[in-house]
Amino acid sequence: MSPQRTIQETQRCEGLGVRYGNLITLGIHPAPPDSGVVFIRTDLEGKPSIKANIASVVDTRNATTIGSGEATVSIVEHLMAAARGMGIDNLFVEVDGPEVPLMDGSAAPFIKLFRKAKIVYQDRERNCIVIKKPVEFRDGDRMVRLEPLSKPRLRIS
């Protein structure tokens with residue numbers, strides 16, 4: 001097992017939103033253990049929050065949009081990929097518009113932002129799924145299979 005991670009200090013960036021063309025300010029903030037990644041719409045009354053998980057996905061046409069009630073945030077995938085790639089478990093993400101700024105169209109600007117914010121360990125272990133027996137799902141000629149491994153590592157084939 002390994003400890004959860006967040007960032008040490010708040011960082012901000014600005015960029016254009018690709019769907020609406022607005023200048024968006026994005027702020028990343030440390031979050032306590034077991035928070036997950038939470039988007040906060042600072043431009044809306046009450047500053048509604050949206051937990052970034054599969055249950056919050058409301059649209060996947062052309063980009064991933066998450067939502068809670070009337071509040072939505074689009075184009076979250078590059079920031080989320082950067083957070084996962086950097087091993088960040090807990091993060092508050094403030095946006096003052098309906099989408100994450102596109103930046104250069106990759107995860108690289110968000111990786112730079114996370115590095116600048118300094119990633120830190122937290123005093124709680126990560127919650128991990130442990131595969132104890134083979135699991136398989138088939139749909140026509142497509143198949144996904146998960147198998148336990150003797151050594152903790154990821155292998156995709």
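Residues numbered from 1 in each chain as written. Predicted model: local features only at pLDDT ≥ 70, side-chain atom pairs only at ≥ 80, totals over all residues. Heavy atoms only, no water.

## Notes on the overall build of the protein chain
In step 1: A tally of helices and strands in the protein chain yields 2 helices and 12 strands.
In step 2: Dimensions along the principal axes, computed over C-alpha positions, put the protein chain at roughly 45 × 40 × 30 Å.
In step 3: The burial tally for the protein chain puts 35% of its 157 residues in the buried class.
In step 4: Contacts in the protein chain between residues far apart in sequence, at least 24 positions, make up 65% of those at least 6 positions apart.
In step 5: For the protein chain, the accessible area works out to roughly 10000 Å², and carbon and sulfur atoms hold 53% of it. (Helix = DSSP H or I, 4+ residues; strand = E, 2+ residues; numbered from the N terminus. Buried < 20%, exposed > 50% of the residue type's maximum accessible area, 1.4 Å probe, protein only. Contact = heavy atoms within 4.5 Å. Areas by Shrake-Rupley, 256 points an atom, 1.4 Å probe, with all protein chains shown as cover.)

## Some details on unusual backbone geometry
In step 1: In this structure, Asp34 takes a positive phi of about 65 degrees despite not being glycine.
In step 2: By the element assignment, Asp34 lies in the loop between strand 3 (23-30) and strand 4 (37-41).
In step 3: Positive phi, close to 55 degrees, is recorded for Met103, a residue that is not glycine.
In step 4: Note on placement: Met103 falls in the loop between strand 9 (91-95) and helix 2 (108-117).
In step 5: Overall, Met103 belongs to the partly exposed group, its relative accessible area being 32%.

## Let's talk about the packing of helix 1 (residues 77-85) against helix 2
Packed helices, taken two at a time, are described by the angle between their axes plus the distance between the axes.
In step 1: Where helix 1 contacts helix 2, the axes come no closer than 8 Å and their chain directions differ by 45 degrees. Viewed along their axes, helix 1 and helix 2 adopt a mutual orientation that is oblique. When the axes of helix 1 and helix 2 are compared, the crossing they make is right-handed. Contacts between helix 1 and helix 2 involve His78, Leu79, Ala82 and Ala83 on the former and, on the latter, Phe110, Ile111 and Phe114.
In step 2: Partitioned by chemical class, the residues of the contact of helix 1 with helix 2 number 6 nonpolar, 1 polar and no charged. (Axes fitted to C-alpha atoms, helices over the stretch in contact; angles between N-to-C directions. Parallel < 35°, antiparallel > 145°, perpendicular 65-115°, else oblique. Left-handed = near helix turned anticlockwise from the far one by under 90°. Nonpolar A, V, L, I, M, F, W, Y, C, P; charged D, E, K, R; others polar.)

## Observations concerning the sheet that holds strand 9
In step 1: The strand order across the open sheet built from 5 strands is 2-3-9-4-5, with neighbouring strands paired in mixed fashion. Only two strands of the sheet have a single partner each, and these edge strands are strand 2 (11-16) and strand 5 (49-51). Strand after strand, the sheet turns through a mean of 20 degrees between neighbouring axes, direction not considered. (Pairing = 2+ DSSP bridges.)

## Re the sheet that holds strand 7 (residues 65-68)
In step 1: An order of 6-7-8 is seen for the 3 strands of this open sheet, with the pairing classed as antiparallel. Looking along the sheet, the strands with just one partner apiece sit at the ends: strand 6 (57-59) and strand 8 (71-74). Put simply, the sheet's adjacent strands are angled 40 degrees from each other on average, direction ignored.
In step 2: Examined bridge by bridge, strand 6 and strand 7 share 2 bridges and lie antiparallel to one another. Across the sheet, Val57 pairs through a bridge with Ile66, a residue of strand 7.

## Here we look at helix 1
In step 1: All of the buried residues in helix 1 are Leu79, Ala82 and Ala83. Along helix 1, the residues classed as buried sweep out an arc of 100 degrees about the axis, all on the same side.
In step 2: Those residues of helix 1 that are buried are in contact with strand 3, strand 4, strand 9 and helix 2.
In step 3: Positioned one or two residues after helix 1, Gly87 has a phi angle of 75 degrees, which is positive. (Arc of directions from axis to C-beta.)

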